[in-house]
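Here's the letter readout for the chains.
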Amino acid sequence: MPFTDHTIELVGCRTHYRRGGKGSPLVFLHGASGAPVVLPFMEKLSERFDVIVPDHPGYGQSDEPEWLENIHDVAYFYLDFIGALKLERAVIIGSSMGGWMAMEMAVRNTSRIGSLVLVSPAGIAATGAEPADIFLLSPEDTIRKLFYEQRFAEERLALPMTPEAIDLALKNRHTTARLAWEPRLHDPHLAKWLHRIDVPVAIVWGKDDLILPVGIAHELKRLMPRAELHLFERCGHLPQVEKAAEFCDLVVRFACR
Amino acid sequence: MPYADLDLAAGRKNGTVWVTLPNRNYDPEKGHRLYNRYLDELEYGEELGFDVVAVNEHHQTAYGLMPSPIVTASALARRTKRVKIAILGSALPLRSHPLMVAEEHAMIDVISGGRLITGFVRGIGAEYHTFGVNPTFSHDRFHEAHDLIVRAWTEPGPFSFQGHHYRVQYVNLWPRPYQKPHPPIWIPSQGSKETIDWASHPDRRYTYLQTFSPVKVVQRYLKQYRDTCANYGYGCEDRQLGWAVPVYVGASDEAARREAKEHFEAFRNVYVRMPIEMLLPPGYTSRESLKNVMKAKAQMFGDVTIDQAIELGLFVCGSADTVYKAFEGYWREMRFGNLLVMCQFGTLPADLTRANMERFARGVLPRLKALN
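**What to know about the packing of helix α4 (residues 98–111) of chain B against helix α6 (residues 138–154) of chain B**
The axes of two packed helices give the description: the angle between them and the distance between them.
Residue and element names in this part refer to chain B.
In step 1: In the contact formed by α4 and α6, the axes pass within 9 Å of each other and the chain directions differ by 45 degrees. Classed by the angle they form, the pair α4 and α6 counts as oblique. For α4 against α6, the interelement crossing comes out right-handed. Facing α4, whose interface residues are Pro98, Leu99, Val101, Ala102 and Ala106, α6 presents Ala145, Leu148, Ile149, Ala152 and Trp153.
In step 2: Here the contact of α4 with α6 is composed, by residue class, of ten nonpolar, no polar and no charged.

**Things to note about the environment of Lys216 of chain B**
Residue and element names in this part refer to chain B.
In step 1: Topologically, Lys216 is positioned in helix α8 (residues 215–232).
In step 2: For Lys216, a count of 11 C-beta atoms within 10 Å puts it in the exposed group.
In step 3: Placed 111 residues apart in sequence, Lys216 and Phe327 show a C-alpha to C-alpha distance of 14 Å.

**As for the interface of chain B and chain A**
In step 1: Each partner contributes residues to the interface: chain B has 15 residues there, and chain A has twelve residues.
In step 2: Mapped by element, the contributors of at least two residues to the side of chain B that touches chain A are α10 (276–279) and α11 (287–295) of chain B.
In step 3: A total of three residues in the side of chain B that touches chain A trace back to one element, the largest contributor, which is α11 of chain B.
In step 4: A breakdown of the residues in the side of chain B that touches chain A according to their chemical character gives seven nonpolar, five polar and three charged.

**Structural notes on the packing of helix α2 (residues 71–84) of chain A against helix α3 (residues 97–108) of chain A**
Residue and element names in this part refer to chain A.
In step 1: Where α2 contacts α3, the two axes come as close as 8 Å, and the packing angle between them is 70 degrees. Accordingly, the angle class assigned to the pair α2 and α3 is roughly perpendicular. Note that α2 runs across α3; the crossing there is right-handed. Between α2, through Ile71, His72, Val74, Ala75, Tyr78 and Leu79, and α3, the contact on the second element is made entirely by Trp100, Met101, Glu104, Met105 and Arg108.
In step 2: Classifying every residue of the contact of α2 with α3 by side-chain character gives eight nonpolar, one polar and two charged.

Reading the values: rules and limits
- Residues numbered from 1 in each chain as written.
- Chains lettered and ligands numbered in written order.
- Predicted model: local features only at pLDDT ≥ 70, side-chain atom pairs only at ≥ 80, totals over all residues.
- Axes fitted to C-alpha atoms, helices over the stretch in contact; angles between N-to-C directions.
- Helix = DSSP H or I, 4+ residues; strand = E, 2+ residues; numbered from the N terminus.
- Parallel < 35°, antiparallel > 145°, perpendicular 65-115°, else oblique.
- Left-handed = near helix turned anticlockwise from the far one by under 90°.
- Contact = placed C-beta atoms within 7 Å.
- Nonpolar A, V, L, I, M, F, W, Y, C, P; charged D, E, K, R; others polar.
- Buried ≥ 20, exposed ≤ 12 C-beta atoms within 10 Å, placed from the backbone.

Honestly, it's all geometry; don't read function into it.
This is how it looks when you write it as structure tokens:
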């Protein structure tokens, strides 16, 4: 299904999103490096869902609003966003930073949310599972650590670094730092309120995640005992990329029950 | 104030002596001797006739052993009688509360009878990694902390300060600073338009100190400061401009280079070095500045020899005559009212540091002062 580009102005923030497919609504919240292109897993999901992929405030082609100071701002913004689009029973998939945003939304209000798929989300801390320091790693090392299968890293590293791509990377990095520098990649208060999430939750993690180690998945499962936990073998931080087919099957099975 | 006993190979191997170099490389017994040596050298500066001795703030690094310049400045306040003491500077955004900075600087000003020169900095990028302070709020926190400190020094208390980052119900400083309206404020910087616009503003007219940069860069930013003053509608005074540069004066040009070589190169190529991600975390600089640094990366992050450094004017080195002539030329062109010479750098040992200070104080300093 082809994706089309849209812009909506919300809370003074011109927000870019891509939308494609038919079916019940599915919002994909991207991670720290943004969602600059339509990826194969998005195409695949658009066969079954109305897939909406926004650029977060401060990322990609969206504005950098003055009010954007912390992850809570993003959570309230996205509750407004799914309200403005009048989504009902939306599946929210969040990868890494996006998974953190999804949880922050859902502890506040699930009235428009049908289910959550948390894909190696940031947001909580787990003893003994230290995240990689994404702010000290070089861009190349970061990309290498994202994947178990290094051919995915090679593909990304082969992409030309145009001036536009550099600008986007710096913009995304800036907002990631604003939201996640300290406390690093988590909100110490989030864990206290995860019990408020009253919709089905699937936690998806690569066993070989070098960015957010899989120990965090077990801690998240402990905090949300009713959540399903799916661990992918031979897989890094982005199961939706490295294991796209299995990932999409899982989402369909989980969300269409 | 470097950890001069550093195992340079360990520093090289780690890629940087900042943030991640394990602190097992620090020996407190050697540290004891070093602190006392450096404090003796600073006190000796008064005896030799320097106008100002300066300390600075750096955290969790072998580059500089003064996480709190307050401690060193306090020691100097009691052991010196005439010389001014410059804190260049306190890293405002890194401090959890600016009122502490206001209080500590006021204490030193009062104890020393008004000999404090205050400096404010944001701290370098690496220190946002060590402290966890969010670099994307660095500028905001700096400006707000500055406003709170200056108001605390000058406005009758108690009053309430409600900022975005700092909120205080009762600002009511005891002690108030000795100097009126407050100690002079210097702004050390590696150079940025934002800093120059802010420091030169008619409400502030702070002394802008360009630190450790090739002389072409020093010229560019000092000129930019003067031009900015003119655009604000006033003439820049020479006292508003300063340059901080490592200097080594030897018995001859040849002896100076020979004696300084390994110590300067250790300073430039081991102590200062760090990867770009550490130096410039997101938000620490504008994204335009960051891109310029990325372009100049090979030049900025590669090794520099002493000869290249002298050629670039990154380091001023030679006989007293050579050093005087170099500064005379630079002064005629830039008219900086303040010259801060770093007489110790890297691994430069005590005997060479003292000889350097003495040669500068006797053979260069009086002649430079006569220019003014």
